[in-house]
Amino acid sequence: MLAKHTARSLLRSRPTFAARTYSTPVRERVRIVEVGPRDGLQNESAVIPPHVKAELVNRLTHAGMDIIEAGSFVSPKWVPQKDRSFGERMAGTADVLKQMHRQKGLHYPVLVPNVKGLENLLELLAQQPKDEVPYTDEIAIFTAASDAFCKANTNCTIEESLARLKTVTHRATKEGLRVRGYVSVVIDCPYSGKVDPVKVRDVTKALLEMGCYEISLGDTVGTGNPTTISELLETVIGGSSDISPSLLAGHYHDTFGMGVSNILTSLDFGLRTFDSSVGGLGGCPYSPGATGNVATEDVLYALRGSRFDAPGDLTKMAEVGSWISKQLNRTNASRVGKALEARRARDKLEKERERNGGSSEKAAAKL
Ligand SMILES: CC(C)(COP(=O)([O-])OP(=O)([O-])OC[C@H]1O[C@@H](n2cnc3c(N)ncnc32)[C@H](O)[C@@H]1OP(=O)([O-])[O-])[C@@H](O)C(=O)NCCC(=O)NCCSC(=O)C[C@@](C)(O)CC(=O)[O-]
């Protein structure tokens, strides 16, 4: 026994190559669900043609994103509060799925609100040649933690929506599709105010019980901060709840600039999946004033050098953020994206200056 201990202590004090390799910190994997093409574009005032959406998905894939929410099969007749073209904007999802370069092993979930949406998707899948990478292998269903929001978003109460979604989930699972669930307004509801975390826990449980493999907790309004997110997660995960943090994802809108802080808080609670949007695109049409999701670039930057390993190349993602912001004629909402954009412009000017024998004026004129 003593000899064994001595050998171990020696190993500790004079590490062999193997021991050194073993002591290299293992970075824990974090999953990112890039929701820009769906959650992001659904709220933009410009009408975006399917080929631009498809190109966005392609660029995100090239930048290393491996789960990309590609669009939704919601009702084109559904009239949102202010903007009648909303339904039409999401109506091109079938074309987006056809036009984008789908890669084997990657996931392209689409939002489905009801049986009709699922049937439309299944019809599309049935038309697809068998040797192609499937348009999608996953749907995302959605409900809310307040009746008022549920009614505004899907024209039914929470209870009615759960009954509707149970049918959708059973049918989708039978057809071999994975089902992810969303709970909206987990902190505040834009119509009925503060939301009780117990309600969020109960709706989360109901979605898991009907067969969702993961539930994304949506701070739709973006008013959450580390304290309220902690209170929420303590209730959803803690106490008598048997919900594991591995079954949850954080979906935090960045209206008050708390998105990254809320993700870091959620990591402490054991969550390892987060939704984010390139360039901080979007918002929810039923949450007036709420901005887009936390920007993917900001999340990647926040996790840099940490013990967490997230997919995606930050430089390439920042380029995608700049590109899509230009396409939409909007300001890039990612702080990190903007900082990297400014750095790129500076470097370019510097190179041009060198080429022009040190003249800043000549260099600027050429750019
Ligand atoms: C749920 C419904 C359909 C109920 O809407 P409804 O009006 O009660 O539906 P209905 O069943 O009475 O049907 C009305 C008409 O729409 C048609 N219809 C019905 N369904 C479909 C369908 N799927 N696809 C195509 N057409 C459809 C249906 O065929 C019928 O046509 P008509 O007979 O009059 O000619 C509607 O309220 C809806 O589509 N809501 C979705 C709104 C939405 O997309 N919101 C944004 C996404 S959720 C979100 O952003 C939050 C999230 C997920 O990101 C997380 C967070 O941040 O909180």
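Keep in mind that this is a model prediction, so the values were computed, not measured.

Reading the values: rules and limits
- Residues numbered from 1 in each chain as written.
- Predicted model: local features only at pLDDT ≥ 70, side-chain atom pairs only at ≥ 80, totals over all residues.
- Heavy atoms only, no water.
- pLDDT = per-residue confidence, 0-100.
- Contact = heavy atoms within 4.5 Å.
- Helix = DSSP H or I, 4+ residues; strand = E, 2+ residues; numbered from the N terminus.
- Expected span 1.5 Å × (residues − 1).
- Pairing = 2+ DSSP bridges.
- Axes fitted to C-alpha atoms, helices over the stretch in contact; angles between N-to-C directions.
- Phe/Tyr/Trp six-rings, centres within 6.5 Å; stacked < 30°, edge-to-face > 60°.
- Lys NZ or Arg CZ within 6 Å of the ring centre and 35° of its normal.
- Buried < 20%, exposed > 50% of the residue type's maximum accessible area, 1.4 Å probe, protein only.
- Arc of directions from axis to C-beta.
- Parallel < 35°, antiparallel > 145°, perpendicular 65-115°, else oblique.
- Nonpolar A, V, L, I, M, F, W, Y, C, P; charged D, E, K, R; others polar.
- Left-handed = near helix turned anticlockwise from the far one by under 90°.
- Disulfide = S-S within 2.5 Å.

1. Some remarks on the confidence of the model for the protein chain
And then number 1: On average, residues of the protein chain score 88 in pLDDT, and 87% of them are at 70 or above.
And then number 2: Ignoring residues within four places in sequence, the model shows residues 1–20, a span with pLDDT below 50, making two contacts including any to other chains.
And then number 3: The model gives residues 79–89 a pLDDT under 50, and that stretch makes 26 contacts with residues more than four places away or in other chains.
And then number 4: Confidence estimates for the predicted assembly give a pTM of 0.89 and an ipTM of 0.98.

2. Things to note about helix α4 (residues 50–62)
And then number 1: Here α4 contains 13 residues, and its C-alpha end-to-end distance of 18 Å stays within 8% of the 18 Å for a straight helix at 1.5 Å per residue.
And then number 2: Positive phi appears at Gly64, one or two residues downstream of α4, with a value of about 105°.

3. Details of the sheet that holds strand β9 (residues 214–219)
And then number 1: Here eight strands make up an open sheet; going across it, the order is β2-β11-β10-β9-β6-β5-β4-β3 and the pairing parallel. The open sheet has two edge strands, β2 (31–34) and β3 (71–72), and neither has a second partner.
And then number 2: Across two bridges, strand β4 (residues 110–111) lies against strand β5 (residues 138–144) in parallel orientation. Within the sheet, the bridge partner assigned to Leu111 lies in β5 and is Ala140.
And then number 3: Sheet contacts for helix α10 (residues 197–210): β5, β6 (178–184), β9 and β10 (248–252); angle to β6, the most-contacted strand, approximately 170°.

4. What about the packing of aromatic side chains?
And then number 1: Counting across every chain of the model gives one aromatic pair.
And then number 2: Stacked on the ring of Tyr213, the Lys or Arg Arg178 has its end atom at 4.2 Å from the ring centre.
And then number 3: The ring centre of Tyr182 lies 5.6 Å from the NZ or CZ of Arg180, which sits over that ring.

5. Quick look at helix α7 (residues 115–127)
And then number 1: The end-to-end C-alpha distance of α7, which contains 13 residues, comes to 18 Å, matching closely the 18 Å that a straight helix rising 1.5 Å per residue would cover.
And then number 2: Three or more residues of α7 are buried, namely Gly117, Leu118, Leu121, Leu122, Leu124 and Leu125. Buried positions in α7, seen along its axis, are confined to an arc of 160° and lie on one side of it. Opposite its buried face, α7 presents the exposed residues Lys116, Glu123, Ala126 and Gln127, each directed more than 90 degrees away.
And then number 3: On its buried face, α7 is in contact with α6 (93–99), β4, β5 and α9 (158–174).

6. Points about the packing of helix α14 (residues 314–328) against helix α15 (residues 335–355)
And then number 1: Remark: α14 packs on α15, axes separated minimally by 9 Å, with the N-to-C direction vectors making an angle of 95°. Our classification of the angle between α14 and α15 gives roughly perpendicular. Only Val336, Gly337, Leu340, Glu341 and Arg344 of α15 make contact with α14, whose side of the interface consists of Leu314, Ala318, Glu319 and Ser322.
And then number 2: When the residues that make up the contact of α14 with α15 are grouped by side-chain class, the tally is four nonpolar, two polar and three charged.

7. What to know about the packing of helix α12 (residues 259–268) against helix α13 (residues 296–303)
And then number 1: It is the contact of α12 with α13, at a shortest axis distance of 10 Å, that shows an interaxial angle of 50°. As far as their axial angle goes, α13 and α12 are oblique. Here α12 and α13 pass one another in a crossing that is right-handed. Across from Val260, Ile263, Leu264 and Leu267 in α12, the residues of α13 making contact are Asp298, Val299, Ala302 and Leu303.
And then number 2: Tallied by class, residues from the contact of α12 with α13 come to seven nonpolar, no polar and one charged.

8. Regarding the pairing of β9
One face of the sheet, then the other: side chains in a regular strand alternate in exactly this way.
And then number 1: A large share of β9 lies buried, amounting to six of its six residues.
And then number 2: Alternating positions in β9 separate into two faces, Glu214, Ser216 and Gly218 on one and Ile215, Leu217 and Asp219 on the other, with burial throughout.
And then number 3: Pairing analysis gives four bridges linking β6 to β9, with the strands arranged parallel. Bridged to Gly181 within β9 is Ile215.
And then number 4: Strand direction decides the pairing type here: β9 and β10, joined by five bridges, are parallel.

9. Considering unusual backbone geometry
And then number 1: For Asn155, which is not glycine, the phi torsion reads 65° and is therefore positive.
And then number 2: In this fold, Asn155 is placed in the loop between α8 (147–154) and α9.
And then number 3: Exposure remark for Asn155: the relative accessible area of 52% places this residue in the exposed category.
And then number 4: Although it is not a glycine, Val185 adopts a positive phi angle of roughly 50°.
And then number 5: When you line up the elements, Val185 lands in the loop between β6 and β7 (188–189).

10. Structural notes on the state of the cysteines
And then number 1: This structure, assessed with the given rule, holds zero disulfides.
And then number 2: Its sulfur unpaired, Cys150 is 4.6 Å from the next cysteine sulfur, which belongs to Cys156.
And then number 3: Residue classification places Cys150 among the buried residues on the basis of a relative accessible area of 2%.
And then number 4: Classification of Cys156 by relative accessible area gives buried; the value is 2%.

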